Structures are given as structure tokens and as C-alpha cells.
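Observations on the three-dimensional arrangement
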Amino acid sequence: MGKQCVLCEGNINMMLKSYKISDKRGKLEEEAQKKGTDVVLDEMLPRSLPDDGHVCYHCWDNVSNAVKDPSKTEERKQAQEARLEARETKQQDAETKQQDQEARNKIRAALNERVDEYKRVWDKSGVIQFKNERMAILHRIMGAQVQFIIAFDDLTREGYRCVAQDEGKEASGGTFAGGVDSYYYFQKIEYIGFDSKVCDV
């Protein structure tokens with residue numbers, strides 16, 4: 001695992017210059033005594049920090065400049081806090097994204113576990129492609145119009161309602177437009193609201 005800045009908690013990679021506190025603090029303390037900015041140094045680089053801790057270039061630059069020019073201390077502190085907040089936001093976004101992905105994976109896994117259960121009653125080539133106690137799917141096939149009418153009538157009598165339609169494609173001869181190879185999706189009335197749109201047949 002790479003080094004981490006003890007001030008902003010950002011990761012320090014090989015491309016980002018950093019300083020070890022024990023190597024640089026002494027010289028900075030001398031500067032602070034000359035400028036009378038000991039309090040500024042102690043506030044921005046607390047003595048409670050470990051001597052072997054590392055500080056990234058950006059944070060060290062802020063501390064060093066604040067010691068040399070205390071008139072801009074507040075401005076530099078705000079800049080340091082802004083970087084820390086940006087890193088925290090980025091980390092939170094990454095965690096949220098990971099949680100969302102895990103939730104999607106769980107949903108996908110739950111669906112995949114039930115595929116075989118539904119495949120057993122799925123008739124890919126039939127007029128009634130699928131039917132259970134909650135929903136049904138009809139397939140309008142060329143040459144099976146009467147069977148489609150019978151199936152539609154049966155579903156209506158059993159309390160199913162057509163709620164959606166996939167138009168499919170035109171027949172090669174152009175005699176039927178939209179009716180051939182179309183799909184009709186039904187739901188049992190008790191599972192839907194009465195204001196649901198009825199599909200066009």
C-alpha cells in the first residue's frame with residue numbers, strides 16, 4: 001500500500017512529491033520563530049502527528065507559505081480543507097457506485113436463479129408463449145389467427161387484461177401491417193390498477 005498524506009489523507013504516488021515530517025519540521029520551526037508564526041505552524045501541522053508521517057507537496061506548500069506569510073493563512077487553510085472535502089466526496093461517490101453495482105448484481109443473480117423455473121412453461125413457438133396466475137404473453141403468428149382469437153378470448157374470460165403490445169414486423173407480402181409476429185402482454189386484473197392503458201388489438 002502506498003504512502004498517505006497525514007493532513008489531507010490523500011494517497012501519495014510516485015508522481016506526487018512528498019515530505020517526511022521529521023526531515024522538514026525543524027527548518028520550518030526556525031522559520032516560524034523568525035516570523036512569529038509558531039501558532040500558525042502548530043495549528044496547521046500539529047505536533048501530535050507522527051514524525052515519520054508524510055505530507056504531500058500541496059499540503060506542505062500550504063503550511064510553508066502560511067508560516068512565511070500568515071496574512072493568507074485562512075485562505076490556504078480553506079484550500080487545504082477544500083481538497084480534503086473533494087477527496088472525501090470522491091471516495092463517497094466511489095462507495096455509492098460500488099453499493100449500487102452490488103445491488104444490481106443481487107437483482108441479476110435473483111433473476112438468473114429463476115430462469116429454469118419460467119423456461120419450463122415458456123412455449124417459444126406457441127400462440128400462448130407464457131402463462132401463469134398473474135400474467136400471460138400471446139404471440140400473433142401468421143396462419144394461426146383463429147388460435148390467437150381463442151387464446152385472447154380465454155384470457156379475457158379468465159380475468160386477464162391486455163396492458164401492452166409489441167407491434168413486431170410486417171408480413172413479407174405486405175398484407176398485414178404490424179399484426180404479424182406481434183406480442184400481447186396480459187396481467188390479471190387484481191394485479192393492476194383499473195386506470196391502466198389497454199393495448200390496441
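For the structure, check the block above.
As the structure is a prediction and not an experimental result, all values here were calculated from the model.

**As for the packing of helix α1 (residues 21–35) against helix α3 (residues 57–68)**
- Contact geometry for α1 and α3: axes closest at 8 Å, N-to-C directions at 25°. In terms of their interaxial angle, α1 and α3 are classed as roughly parallel. Residue-level inspection shows K24, R25, L28, E31, A32 and K35 of α1 in contact with α3, the latter providing W60, V63, S64, V67 and K68.
- Along the lines of polarity and charge, the residues of the contact of α1 with α3 split into five nonpolar, one polar and five charged.

**Observations regarding the sheet that holds strand β6 (residues 135–140)**
- The strand order across the open sheet formed by four strands is β5-β6-β8-β7, and the pairing between neighbours is antiparallel. If you trace the sheet from one side to the other, it starts and ends with β5 (128–131) and β7 (160–166), each paired once. Pairs of neighbouring strands in the sheet enclose a mean axial angle of 20°, with direction left out of account.
- As judged from the six bridges shared by β7 and strand β8 (residues 182–188), these two strands associate in the antiparallel manner. Considered in β8, the bridge of R161 is made with Q187.
- Its contacts with the sheet put helix α6 (residues 145–157) on β5, β6, β7 and β8, and the angle it makes with β6 is roughly 160°.

Rules and cut-offs
Residues numbered from 1 in each chain as written. Predicted model: local features only at pLDDT ≥ 70, side-chain atom pairs only at ≥ 80, totals over all residues. Heavy atoms only, no water. Axes fitted to C-alpha atoms, helices over the stretch in contact; angles between N-to-C directions. Helix = DSSP H or I, 4+ residues; strand = E, 2+ residues; numbered from the N terminus. Parallel < 35°, antiparallel > 145°, perpendicular 65-115°, else oblique. Contact = heavy atoms within 4.5 Å. Nonpolar A, V, L, I, M, F, W, Y, C, P; charged D, E, K, R; others polar. Pairing = 2+ DSSP bridges.

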